[in-house]
Amino acid sequence: MEEKTAIVTGGSNGMGKAMAERFASKGANIVITGRNEERLANAKSDIQSKTDAGVLTVQMDVRDRDDVQRTVDETKNAFGQIDVLVNNAAGNFISQAENLSENGWKAVIDICLNGTWNCSQLVGKEMIAQKTGGSMLNMIATYAWTGSAGVVHSAAAKGGILALTKSLAIEWGKYGIRVNAMAPGPIENTGGAEKLFASESQVKQIKRMNPLGEVGKLDDVADAAEFLVSSQSRYVNGDCMTVDGGQWIANSRYM
Ligand code: HXC
């Protein structure tokens, strides 16, 4: 990833930060985006204390297309071009479908599906204009295809992102832009873990359900991301890599 520039949305903590830090450690310039300026500043100083990478932070909301365009422009100003986009920003909470409010549905669809679309289209246009190719990685979840109780909004959004991934992979292959997805399972120290399996007993149950008997680590996600965005996976396009210890084939239900 030497000399490449990677944008990671939702990059100030959890999986986003782990992926950004990995790309930085492999020689990439990184752009991390998020809504909270303080968290972005902390992530930047932490990554800069461990790597020599160029690190740009952009406070933005993936739901706002002006914010996304500003991120594209600031990235170009800072580093010249964009090679990698990781659509990692997400929003989620557990709610029974019958109790989910109209705004609750809209907030999650807007952050996950519309946010991924906004970033993909505006960065994609830039990559096409650059004529350099590029790669995109969209973070989803295995319930994109299994469905799950308690997260109808997130499952619908992630299912949409999977279809978006495959569609753009077909359409933009001719520009040398690869578009793939990753479906992490339960990963410790993430926003998803905090929200979906917060208690000790839930974690124990998740481990019991998993063929490997454990929850994943941030490094497992970073390893897969490094492969999927770099030239190591140059012939992988429109695919989804599941990083869940085999959980969904054993038992797709989280709750
Ligand atoms: C019921 C809730 C709720 C909850 C919010 N809402 N939290 N309803 N239970 N716990 C409702 C609100 O009441 C409101 O509806 C509507 O959702 C919008 O809420 P806001 O707080 O105004 O929205 P916003 O500030 O945009 O926040 C969006 C959010 C928030 C999704 C609600 O949680 C967020 O920003 N999360 C980002 C971080 C995150 O969730 N990371 C986890 C991703 S994990 P009303 O009707 O009251 O106006 C993931 C996959 C995990 O995606 C897969 C694991 C295997």
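Check the entry above for the structure.
The model shown is predicted, which means the values in this text are computed figures rather than measured ones. (Residues numbered from 1 in each chain as written. Predicted model: local features only at pLDDT ≥ 70, side-chain atom pairs only at ≥ 80, totals over all residues. Heavy atoms only, no water.)

Undergrad: For this particular structure, what's the right way to read the environment of Arg 178?
TA: Structurally, Arg 178 is set in strand 6 (residues 177-184). Note on Arg 178: relative accessible area 10%, which makes it buried. Along the chain, Arg 178 and Asp 244 lie 66 residues apart, while their C-alpha atoms are 23 Å from each other. A polar atom in the side chain of Arg 178 sits 2.9 Å from the backbone oxygen of Val 236. (Helix = DSSP H or I, 4+ residues; strand = E, 2+ residues; numbered from the N terminus. Buried < 20%, exposed > 50% of the residue type's maximum accessible area, 1.4 Å probe, protein only. Polar contact = N/O pair within 3.5 Å; in protein donor to acceptor, adjacent residues only side chain to side chain.)

Undergrad: Please clarify how the pattern of salt bridges should be interpreted in this entry.
TA: Applying the stated criterion across every chain yields a total of 14 salt bridges. A salt bridge links Glu 21 to Lys 50, with the nearest nitrogen and oxygen atoms 3.1 Å apart. On the criterion of sequence distance, the pair formed by Glu 21 in helix 1 (residues 14-25) and Lys 50 in helix 2 (residues 37-50) is long-range, its members being 29 residues apart. We note a salt bridge from Lys 76 to Glu 126, for which the minimum N-O separation is 3.1 Å. (Salt bridge = Lys/Arg side-chain N within 4 Å of Asp/Glu carboxyl O.)

Undergrad: Explain the sheet that holds strand 7 (residues 240-243) to me, please; I cannot follow it from the model alone.
TA: Where strands meet in a sheet, backbone hydrogen bonds hold them as pairs that are either parallel or antiparallel. The seven strands lie next to each other as 3-2-1-4-5-6-7, forming an open sheet whose pairing is parallel. Bordering the open sheet on either side are strand 3 (55-59) and strand 7, each of which pairs with just one other strand. Pairs of neighbouring strands in the sheet enclose a mean axial angle of 15°, with direction left out of account. Across four bridges, the pairing between strand 6 and strand 7 is parallel. (Pairing = 2+ DSSP bridges. Axes fitted to C-alpha atoms, helices over the stretch in contact; angles between N-to-C directions.)

Undergrad: Any chance you could explain the state of the cysteines here in plain terms?
TA: Simply put, disulfide is the name for a covalent bond between the sulfur atoms of two cysteines. Tallied over the entire structure, the rule returns zero disulfides. With no disulfide of its own, Cys 240 lies 15 Å from the sulfur of Cys 112, the closest cysteine sulfur. (Disulfide = S-S within 2.5 Å.)

Undergrad: Is there a simple way to explain the site of the ligand in this structure?
TA: Close to the ligand lie 18 residues; Arg 35, Arg 63, Ser 101, Asn 103 and Lys 195 are nearest. Arg 35 places a side-chain nitrogen or oxygen 2.6 Å from an oxygen atom of the ligand. Arg 63 places a side-chain nitrogen or oxygen 2.8 Å from an oxygen atom of the ligand. When the free accessible area of the ligand is taken as 1,100 Å², the share hidden by the protein chains comes to 60%. (Near = heavy atom within 4 Å. Areas by Shrake-Rupley, 256 points an atom, 1.4 Å probe, with all protein chains shown as cover.)

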